[in-house]
Amino acid sequence: MTTAPWRDPALPAADRVDALLSRMTLEEKTAQLYGVWVGAATDGDGVAPHQQDMTAGSADDFAELITHGLGQLTRSFGTAPVDPALGAQALARAQRRIAEAGRFGIPAVAHEECLAGFTAWQATAYPVPLAWGAAFNPPLVEEMARRIGQDLRSVGVHQGLAPVLDVVRDPRWGRVEETIGEDPYLTGTIGTAYVRGLESAGVVATLKHFAGYASSAGARNLAPVRAGVREFADVTLPPFEMALREGGARSVMAAYNETDGVPASADPALLTELLRGEWGFTGTVVADYFGVAFLQTLHRVAGTPAEAAHAALAAGLDVELPTLNCYGKPLLEAVRAGDVPEELVDRAARRVLLQKCDLGLLDEDWTPEPTATHFDLDSPANRAVARRLAEQSVVLLDNQDGVLPLSPDARIAVVGPRAADALAMLGCYSFPSHVLTHHPGIPMGIEIPTVLEALRAELPDAKVTFAEGCGVSDPDTAGFEEAVARASEADVCLAVLGDRAGLFGRGTSGEGCDVTDLRLPGVQGEFLDSLVATGVPVVLVLLTGRPYALGRWHGRLAAVVQAFFPGEEGGPAVAGVLSGRVNPSGRLPVSVPRVPGGQPWTYLQPPLGLADEVSNLDPTPLYAFGHGRSYTSFAWEDFTGGEGTTEIGTDGSYDVSLTVRNTGDRAGAEVVQLYLHDPVASVTRPDVRLIGYRRVELAPGEASRVTFRFHTDLSAFTDRSGRRVVEPGALELRLAASSADVRHTARLTVTGPVRVLGPDRRLRCEAEVSGLG
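Residues numbered from 1 in each chain as written. Predicted model: local features only at pLDDT ≥ 70, side-chain atom pairs only at ≥ 80, totals over all residues. Heavy atoms only, no water.

(A) The overall build of the chain, seen in detail. Secondary structure summary: the chain contains 21 helices and 27 strands in total. Computed over its C-alpha atoms, the radius of gyration of the chain comes to 26 Å, within 12% of the 28 Å expected for a compact globule of 773 residues. Projected onto its principal axes, the C-alpha positions of the chain cover 80 × 70 × 50 Å. Of all intrachain contacts in the chain linking residues separated by at least 6 positions in sequence, the fraction that spans at least 24 positions is 80%. Accessible area of the chain: about 26,800 Å², with a carbon and sulfur share of 49%. (Helix = DSSP H or I, 4+ residues; strand = E, 2+ residues; numbered from the N terminus. Rg over C-alpha atoms; globule rule 2.2 N^0.38 Å. Contact = heavy atoms within 4.5 Å. Areas by Shrake-Rupley, 256 points an atom, 1.4 Å probe, with all protein chains shown as cover.)

The structure is reproduced here in C-alpha cells:
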C-alpha cells in the first residue's frame, strides 16, 4: 500500500501540506481553522469574557462538526476536574474519533492554559509570572517551563497558551499578576526563557496578548488602548520580538484590545506586515477566546459573523478559538458568494497544517495513545522547582532593626486573612482559582501548605497563635479585637495580608479584577493600623497579585515581605524567609507606590514623568523597581569602565565589569542590574531603563567578577520618523542595585552617523560571571 504524500515524513513539510491542501474541499480547509470547546459552561460563571453570550448558541453536534476535520480541541483538562489518567484516555478517544471521521485522518491540536503551571486538576501550581520576574533567574524559569511542557505532552496536549508578555503600564490592571513586570527587557528575557523551556518539551508556546493589552485606558480589562507609536514600539513589542527570535515560539495570540481605533484581531499591519513581514514569523496566529466574534459584538467593525471572519483572516488571524462562531458556516457562505477570497482560507489552513506536520500529527505512524501509563502531574521534582522559584521570588522590602529572621523560640501572633488560606498562594490562572471554585466539594488535588502551617513547621519551638482579624475584601471589622489581643500578647506580630485571585470581579486580583486605586483591599489597611497601634513589632507579609501603596506605614513596620502569589510551595518559601533558612534574594519587578492615587506610574518615565516643583503630586515610588534586601551584605568592588569618558562608534561595544563580594556571614544572592541613561535624544527617553542583569550567588566571603558586554544596539529607540535608530551623543551605563540605587557609572560618547537598525539588531546584553573564590 502506497503512503499518501502528506503522510510521508521523508518529504519536505511544505510539499506534504501542498499535496494535502490540493485535495481538500472548502469545508475541510475551514474545519482546520477553528476549535471546539466541549463542556464549556453557558451560565454566568465562565472563565472567558462574555462566555455565556458566545457559547449560548454553539451547542452543535460534535459528531457532525468533525466530519470534515477539526483544527483544535479546547481545554480538555482545564474546563472541569478530570483525573489525569482518565483525561488522557478521553482525549485519545476524542482524537481517534476526529481522525477517523475525516477523509484524511487529521487529528486536532489540543491546547490548554499553562501560565503558572498546567491548568489541570492535580497539576503543580507554580508561582505566577510576576514572581518569575522577581526571581531575576531565566534558567530557573526555563526549567519550570520544561517541566510544564513535559506534563502537557504526557497527556496528549500540543499547545500551551503562555507566556503573557504584556508589560505593566498601570498596576491597577487586574492582570498584573499574569505579567512579568513593568520593564520590557526583564519581560523579554524571562518570557523567552519560558518559551525555550516549553518548546524544548515539544509544546507550542503561544505568546500573548499581541499586542498592547496591558496599556488599556483606566487600567480596565478589555478596554481601548491609546498608546503612542513609540510606546508601542519601544515598550510593548520588544518582549514579543525576543521571544520569537530567541525563544522560537510557534504561535501568537491576537489581543482583545484596539489601539487607536484598530482591533488587534483585524490589524494586518500588526499580524502580517510586522509579525510576518519584518519579524519573519511562520507559525500560527490564534484568537484570544471569542476574539473574532468580538469584532462584530464588541468592537463593531464588522456587521455580521462573516464580515468578522473576513476581517480577521485578511489581517492574518489563522485560528478561531475557543469554539466555533464565525469561521464555520458564515465563512463558507461568504467564500461561496465571492465576498471572501478563498485564498485567505488557503493561507490560514496551510499555516495550521504546517504546524500539525511539525507536531507529527500528519505522520503515518501517528497515534493518539499516551506513551505513559502513570501520570503524576505534581511530582516531587515539580514541587522542588516550584519551591526554588518561590524562595527566590520573595522580596524583603524592609527590615527595621533586624527583626528578621525571627527568633526560633519567639512568641509569634500570626494574623490576617491570607495566613491560613491555601488559595492565598495561587493566581487567577491556577486550576483551583480558575476552575475548581465552580465545583464545590471537589478536593484541591494538590497539597498547598498555608503560611501559618508552614511557619509552625519551620519554627517548632515558637509559640504561634492565630486570629484572622478580617476578610480580604469585606468591610467587617468585628474580628479586629481578637487579632489585636493576640498581637498584644506576642513578641512579634506577622500580619499576612493581600489578594484573593479570581475572575471578572470575583476576586481582588486577576482577569477583570481591576481597581480604582492601590489601597490594600477591603479593611486590611485599617486592620494593619490597629496592629501597629499595639506597639508590638509588626512584620507585614503580602501575598498579592499587584503592588499596593505602603507609604502610610513606612517607618512604622518592623519588616515588610512581599510575595507575588508564590504557588503551592509559597507557604514554606515565605516561612523559610521569615525563619532565616532562606536568605531573601527577590527583587521588585514592579515599583511599590508610596500613595494609592496618582496612577498610572512605572519607573520608565521621561523627565516630565518624574517629581518636580510644578506639581504637588510626587510619583516617586516607596520602593523602586529592582529593589530587594538580603540578610547578608555585598561589596561592589574594582569597577572598570568609569575612568573618564570613552568614545565608541554608533556600531560599537563596551564592557563594564565589577567584583561582587559577599561580606556577610551567610550565603546569599545579589542581583547586579545595568541601566542606560540617555541625557539628550531626538525624542524624550526614560530617565533610566534596564538593559542587563545577572543574579550572582555567593557563599560568605566569596566573590565573583561580573562583566556586561554592552552594544550600542541596546541604546536604540524609535525616532520621529518611526525608524529604530542609534544616535550619536552621550550615554551613561549605570550599574545599580535597583533603578534608584546606582553604585557605579560609565560615561560614553557615541560618535558617527545615525545608524538605522534592521531586524537583526542585538536584543540582549550578555553578562559573564567568573568566580574569584
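(B) Quick look at the environment of V590. Mapped onto the elements of the fold, V590 is located in the loop between helix 21 (570–579) and strand 16 (634–640). Of the residues examined, V590 reaches a relative accessible area of 1% and is grouped as buried. Those residues within four positions of V590 in sequence are excluded, and the remaining contacts are L130, V168, G181, E182, P547, F564 and F625. (Buried < 20%, exposed > 50% of the residue type's maximum accessible area, 1.4 Å probe, protein only.)

(C) Examining the packing of helix 16 (residues 380–393) against helix 21 more closely. At their nearest, the axes of helix 16 and helix 21 sit 8 Å apart, and the two run at 45° to each other. Classified by the angle their axes make, helix 16 and helix 21 are oblique. Once helix 16 is placed against helix 21, the crossing between them reads as right-handed. Counted together, R387, A390 and E391 of helix 16 and G570, P572 and A573 of helix 21 form the full contact between these two elements. (Axes fitted to C-alpha atoms, helices over the stretch in contact; angles between N-to-C directions. Parallel < 35°, antiparallel > 145°, perpendicular 65-115°, else oblique. Left-handed = near helix turned anticlockwise from the far one by under 90°.)

(D) Quick peek at the packing of aromatic side chains. Evaluated as defined, the whole model comprises 17 aromatic pairs. With a centroid separation of 5.5 Å and 80° between ring planes, the pair formed by W6 and F104 is classed as edge-to-face. Residue W6 is located in the segment before helix 1 (13–21), and its partner F104 is located in the loop between helix 5 (84–101) and strand 3 (109–112); the two are separated by 98 residues in the primary sequence. Exposure class is identical for W6 and F104. Each is buried. Seen in terms of ring centroids, F210 and W279 are 6.0 Å apart; in terms of plane orientation they differ by 55°. Their pairing is tilted. In this pair, F210 is assigned in strand 5 (residues 204–210) and W279 in the loop between helix 11 (268–278) and strand 9 (284–287), connecting sequence segments 69 residues apart. For the pair F210 and W279, one class covers both residues: buried. (Phe/Tyr/Trp six-rings, centres within 6.5 Å; stacked < 30°, edge-to-face > 60°.)

(E) Spatial organisation of the sheet that holds strand 27 (residues 766–771). Spatially, 4 strands are ordered 16-18-21-27 in an open sheet, and the strand pairing comes out antiparallel. At either end of the open sheet lies a strand with only one pairing partner, and these are strand 16 and strand 27. The sheet shows a mean angle of 25° between the axes of neighbouring strands, direction not considered. Bridge count for strand 18 (residues 653–662) against strand 21 (residues 703–711) is 9 bridges, and the pairing is antiparallel. Within strand 21, the position partnered with S653 by the bridge is H711. (Pairing = 2+ DSSP bridges.)

(F) Fine view of the nonpolar core. Of all hydrophobic cores here, the largest spans 205 residues; its most connected members are Y194, F210, Y327, L550, F710 and L733. If one sorts the elements of this core by residue count, helix 15 (residues 342–358) sits on top with 7 residues. Among all residues touching F710, those that are not within four sequence positions of it are I648, G652, S653, Y654, D655, L676, I691, S715, L731, L733, L748 and C765. By size, the runner-up hydrophobic cluster in this structure holds 38 residues, among which are I446, V451, V496 and A563. (Core = buried A, V, L, I, M, F, W, Y, C linked by side-chain atoms within 4.5 Å.)

(G) The environment of Y654, seen in detail. With respect to the helices, strands and loops of the structure, Y654 is situated in strand 18. C-alpha separation for the pair Y654 and F708, spaced 54 residues apart in sequence, amounts to 8.4 Å. Every residue in contact with Y654, bar those within four places of it in the chain, is listed here: G641, T646, F708, R709, F710, L733, A746 and L748. From its side chain, Y654 meets the backbone oxygen of G641 in a polar contact 3.2 Å long. (Polar contact = N/O pair within 3.5 Å; in protein donor to acceptor, adjacent residues only side chain to side chain.)

(H) Summary view of helix 16. An ideal rise of 1.5 Å per residue puts 20 Å on 14 residues; helix 16 measures up with 20 Å between its terminal C-alpha atoms. Close packing links the buried residues of helix 16 with helix 6 (129–135), helix 7 (138–154), strand 10 (395–399), strand 15 (559–564), helix 21 and strand 20 (689–698). (Expected span 1.5 Å × (residues − 1).)

(I) Structural detail: the side chain of D499. In this fold, D499 is placed in the loop between strand 13 (492–498) and helix 20 (524–532). Of the polar contacts made by the side chain of D499, one reaches the side chain of Y548; its length is 2.5 Å. Ignoring any residue separated from it by four or fewer positions in sequence, one finds D499 in contact with R418, V472, T508, S509, P521, L543, T544, G545, R546, Y548 and F565.

(J) Molecular detail of unusual backbone geometry. In this structure, the amide linkage connecting K208 to the following residue, H209, adopts the cis form with an omega of 5°. You can see H209 is positioned in strand 5. Between L404 and the following residue, P405, the backbone shows a cis peptide bond with an omega angle of 0°. Positive phi, normally seen in glycine, also occurs at R300, with a value near 60°. Note that R300 resides in the loop between helix 12 (291–297) and helix 13 (305–315).

(K) How the structure looks around the packing of helix 13 against helix 14 (residues 329–336). Between helix 13 and helix 14, the shortest axis-to-axis distance is 8 Å and the interhelical angle comes to 80°. Considering the angle they form, helix 13 stands roughly perpendicular to helix 14. Counted together, P305, A306, A309 and L313 of helix 13 and P330, L331 and A334 of helix 14 form the full contact between these two elements.

(L) Local environment of the environment of F375. In this structure, F375 sits in the loop between helix 15 and helix 16. Among residues more than four places away in sequence, those in contact with F375 are P84, A85, A88, S154, V155 and P370.

(M) View of the pattern of salt bridges. Enumeration according to the criterion identifies 50 salt bridges in this entry. Here K29 makes a salt bridge to E342, at a shortest N to O gap of 2.7 Å. Highlighted residues: K29 in helix 2 (residues 26–31) and E342 in helix 15, separated in sequence by 313 residues. When the shortest N-O distance is used, the salt bridge between R175 and E511 registers 3.3 Å. One end of the pair, R175, is in the loop between strand 4 (159–160) and helix 8 (184–200); the other, E511, is in the loop between strand 13 and helix 20, and 336 residues separate them in sequence. Note on E511: relative accessible area 2%, which makes it buried. One network of salt bridges, in which partners are shared, links D378, R383, R387, E391, E458, E568, E569 and R581. (Salt bridge = Lys/Arg side-chain N within 4 Å of Asp/Glu carboxyl O.)

(N) The side chain of Q605, seen in detail. When you line up the elements, Q605 lands in the loop between helix 21 and strand 16. A polar side-chain atom of Q605 sits 3.0 Å from the main-chain carbonyl oxygen of T602. In this view, Q605 contacts L610, R685, P686 and D687; residues no more than four positions away in its chain are not counted.

(O) Structural detail: the sheet that holds strand 15. Here 6 strands make up an open sheet; going across it, the order is 10-15-14-13-11-12 and the pairing mixed. Bordering the open sheet on either side are strand 10 and strand 12 (463–467), each of which pairs with just one other strand. On average, each strand axis in the sheet is inclined to that of its neighbour by 15°, with strand direction left out of account. Across 4 bridges, strand 11 (residues 411–415) lies against strand 13 in parallel orientation. Bridge pairing in strand 13 places V414 opposite L494. Packing against the sheet, helix 21 makes contact with strand 13, strand 14 (538–544) and strand 15, and its axis sits at approximately 155° to strand 14.

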